Amino acid sequence: MLDQTVVAVALGPMARSLGLTAFEMHAVVLVYILALAAFAPVGGMAARRYGLLRTFRFGTAAFALASGLCGLAPLYACGEVGPTDPRTFAVLATGVVTLAVAVRLVLRSRHPLVDLRLLGNRPYAVAVGLTFMVQAPQLIVLVHGTLFLRQVVHLSVLATGVCLLPLVTAMATGTLLSGHLLERSGSIRVPVLAGLVAAVLGAALWTAALPSRAYPWQVPGMVLAGFGMGLPVPALSAELMRAVPDHKRADASVLRQTLRQLGGAVGLATAGAVVLAANAEAADEAGVVTVAAAPAGFVVATCVLAVALLPGRAGVSRRRGR
């Protein structure tokens, strides 16, 4: 959570000092999240080969070094292409073909980096799918909430960080209470469905408060949404680990983390496309997000959470297994 919060809060200064457009600001976060998703399986492989502690130490050192280099590295301008540009279709087609080849190679490998065969286990697949869908709106509200506070409410970097504390604290509180609620109820569905309902209501309240630009009106929705998005996560983790054999739990954790990060990337890309479409008149200005465009990203987050209620209600087991 810390790394994503830092990136989101730093977007405003980055946009002004480096001349980033709204499109490029989204690209910065997307590249970061996609890198997280891509290297999660590599981390799992390294842990099996070199040990957990050695891998953790190397990863922490690499993260610290790379973070410092990011602060020193120049950013080179890149051109923007529209959705109807032939190059856009070429990139998308290349991505689809590459993904299809990768999936085929993974399924044929005896020791794949990511064991996609686990998705044939229905309880596991449902839990991972819901984790994917919860991560998408979480990253949307974090990034777009930060952009709104920085560029529409005109808060400083420090004030923006402080104003995000209700969201982050509520997420942490929901995560901590999830295990207690799971133990008391004995049912995975209770924390999952309660969290999703709270998150939908909170995201809707937060969205409704944005046009006023008044931060105090945003806090109730921010807290409810954060608490709701934090509540299902530990319960879903318990469910997916319960659903697989003991010797497959490491592979299950790697796949879960990879798809979780991909969920955030897909959600942010979708919300970014919607916001940029609503913000077309200012898309070439560095980091501009208008009052009219900002709620569009929150609407996407609310809709994703509402859709997640369907598999959450139908697919998650009523009772907790051993």
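Only a predicted model underlies this, so the values are computations on that prediction, with no experimental measurement involved. (Residues numbered from 1 in each chain as written. Predicted model: local features only at pLDDT ≥ 70, side-chain atom pairs only at ≥ 80, totals over all residues. Heavy atoms only, no water.)

Whenever I open this one, the overall build of the chain confuses me. Can you help?
Along the chain, the regular secondary structure elements total 12 helices and 0 strands. Moving toward the C terminus, one meets the helices and strands of the chain in the order α-α-α-α-α-α-α-α-α-α-α-α. Residues classed as buried in the chain amount to 42% of the 322 residues present. A separation of at least 24 residues holds for 80% of the contacts in the chain among residues at least 6 apart in sequence. If you sum the accessible surface of the chain, you get close to 16500 Å²; carbon and sulfur atoms cover 71% of it. (Helix = DSSP H or I, 4+ residues; strand = E, 2+ residues; numbered from the N terminus. Buried < 20%, exposed > 50% of the residue type's maximum accessible area, 1.4 Å probe, protein only. Contact = heavy atoms within 4.5 Å. Areas by Shrake-Rupley, 256 points an atom, 1.4 Å probe, with all protein chains shown as cover.)

Would you mind showing me how to read the side chain of R256 here?
Turning to its location among the elements, R256 is positioned in helix α11 (residues 249-278). Exposure remark for R256: the relative accessible area of 14% places this residue in the buried category. With residues near it in sequence (within four places) discarded, R256 still touches Y124, V128, T131, V233, S237 and L240.

How do you make sense of the packing of helix α7 (residues 165-185) against helix α10 (residues 232-242) when you look at a structure like this?
What describes two packed helices is the angle between their axes and the distance between those same axes. Relative to each other, α7 and α10 sit at 55°, their axes nearing to 6 Å. Considering their axes alone, α7 and α10 lie oblique with respect to each other. Across the interface between the two elements, T175, S178 and L182 from α7 touch P234, A235 and A238 from α10. Its residues placed into classes, the contact of α7 with α10 shows 4 nonpolar, 2 polar and no charged. (Axes fitted to C-alpha atoms, helices over the stretch in contact; angles between N-to-C directions. Parallel < 35°, antiparallel > 145°, perpendicular 65-115°, else oblique. Nonpolar A, V, L, I, M, F, W, Y, C, P; charged D, E, K, R; others polar.)

I would appreciate a short explanation of the environment of V274 in the present structure.
For V274, the location among the structural elements is in helix α11. Sequence separation between V274 and A294 is 20 residues, and the spatial gap between their C-alpha atoms is 9.6 Å. With residues up to four places along the chain from it excluded, the contact list for V274 reads A296 and V300.

Would you mind showing me how to read the layout of surface pockets here?
Empty space among the atoms can be located by rolling a probe the size of a water molecule over them. Considered as a void within the structure, the second largest pocket measures approximately 160 Å³ in volume. Residue lining of the second largest pocket: M45, R48, R110, H111, P112, L113, D115, R117, K248 and D251, and that is the complete set. A per-class count over the lining of the second largest pocket returns 3 nonpolar, 1 polar and 6 charged. (1 Å grid on protein atoms, 1.4 Å probe; cavity = no way out; pocket = protein on both sides within 12 Å on 5 of 7 lines; lining within 4 Å. Points joined across faces, edges and corners; volume = space filled by probe spheres on them.)

Just checking my understanding: could you explain the nonpolar core for this structure?
Considering soluble globular proteins, one finds that nonpolar side chains tend to be buried as a cluster. Within the largest apolar cluster, 62 residues are counted, with the highest numbers of intra-cluster contacts made by Y124, V143 and M229. In terms of residue count, the dominant contributor to this core is helix α5 (residues 122-151) (15 residues). Not counting residues within four places of it along the chain, the set of residues in contact with M229 comprises V134, P137, Q138, V141, M171, G195, A199 and L305. (Core = buried A, V, L, I, M, F, W, Y, C linked by side-chain atoms within 4.5 Å.)

Sorry if this is basic, but what is going on with α10 here?
In an α-helix there are 3.6 residues to a turn, and that puts residues three or four apart on one side. All of the buried residues in α10 are P232, A235, L236, E239 and L240. Down the axis, α10 shows its buried residues gathered within 130° of arc, on one side only. Where α10 is buried, its residues contact α5, α7, α8 (189-209), α9 (215-230) and α11. (Arc of directions from axis to C-beta.)

It is not clear to me how the packing of aromatic side chains should be interpreted in this structure. Could you clarify?
Each aromatic ring pair is described using two quantities: the centre-to-centre distance and the angle formed by the ring planes. Under the counting rule described, the total for this entry stands at 1 aromatic pair. An angle of 65° between the planes, with centres 4.8 Å apart, marks the rings of W206 and F298 as edge-to-face. You can see W206 sitting in helix α8 and its partner F298 sitting in helix α12 (residues 294-315), a full 92 residues away along the chain. The pair formed by W206 and F298 is uniform in burial state, with each residue classed as buried. (Phe/Tyr/Trp six-rings, centres within 6.5 Å; stacked < 30°, edge-to-face > 60°.)

What is the right way to read a nonpolar patch on the surface from this model?
A cluster of nonpolar side chains, contributed by F39, V42, M45 and L113, occupies part of the molecular surface with about 350 Å² of accessible area. Positionally, V42 belongs in helix α2 (residues 22-50). Judged by its relative accessible area of 33%, V42 is partly exposed. (Patch = residues over 30% accessible without salt bridge, like charges linked within 9 Å, V, L, I, M, F, W, Y side chains within 5 Å. Salt bridge = Lys/Arg side-chain N within 4 Å of Asp/Glu carboxyl O.)

Is there a simple way to explain the confidence of the model for the chain in this structure?
In low-pLDDT segments, the atomic positions of the prediction should not be examined closely. Chain-level pLDDT for the chain is 81 on average; 85% of the residues reach the 70-or-more range. By mean pLDDT, helix α1 (residues 2-18) is the weakest element of the chain at 69, and α9 is the strongest at 94. (pLDDT = per-residue confidence, 0-100.)

How do you make sense of the environment of A278 when you look at a structure like this?
Along the chain, the position of A278 falls in helix α11. Each C-alpha atom of the pair A278 and A293 lies 5.0 Å from the other, and the pair is 15 residues apart in sequence.

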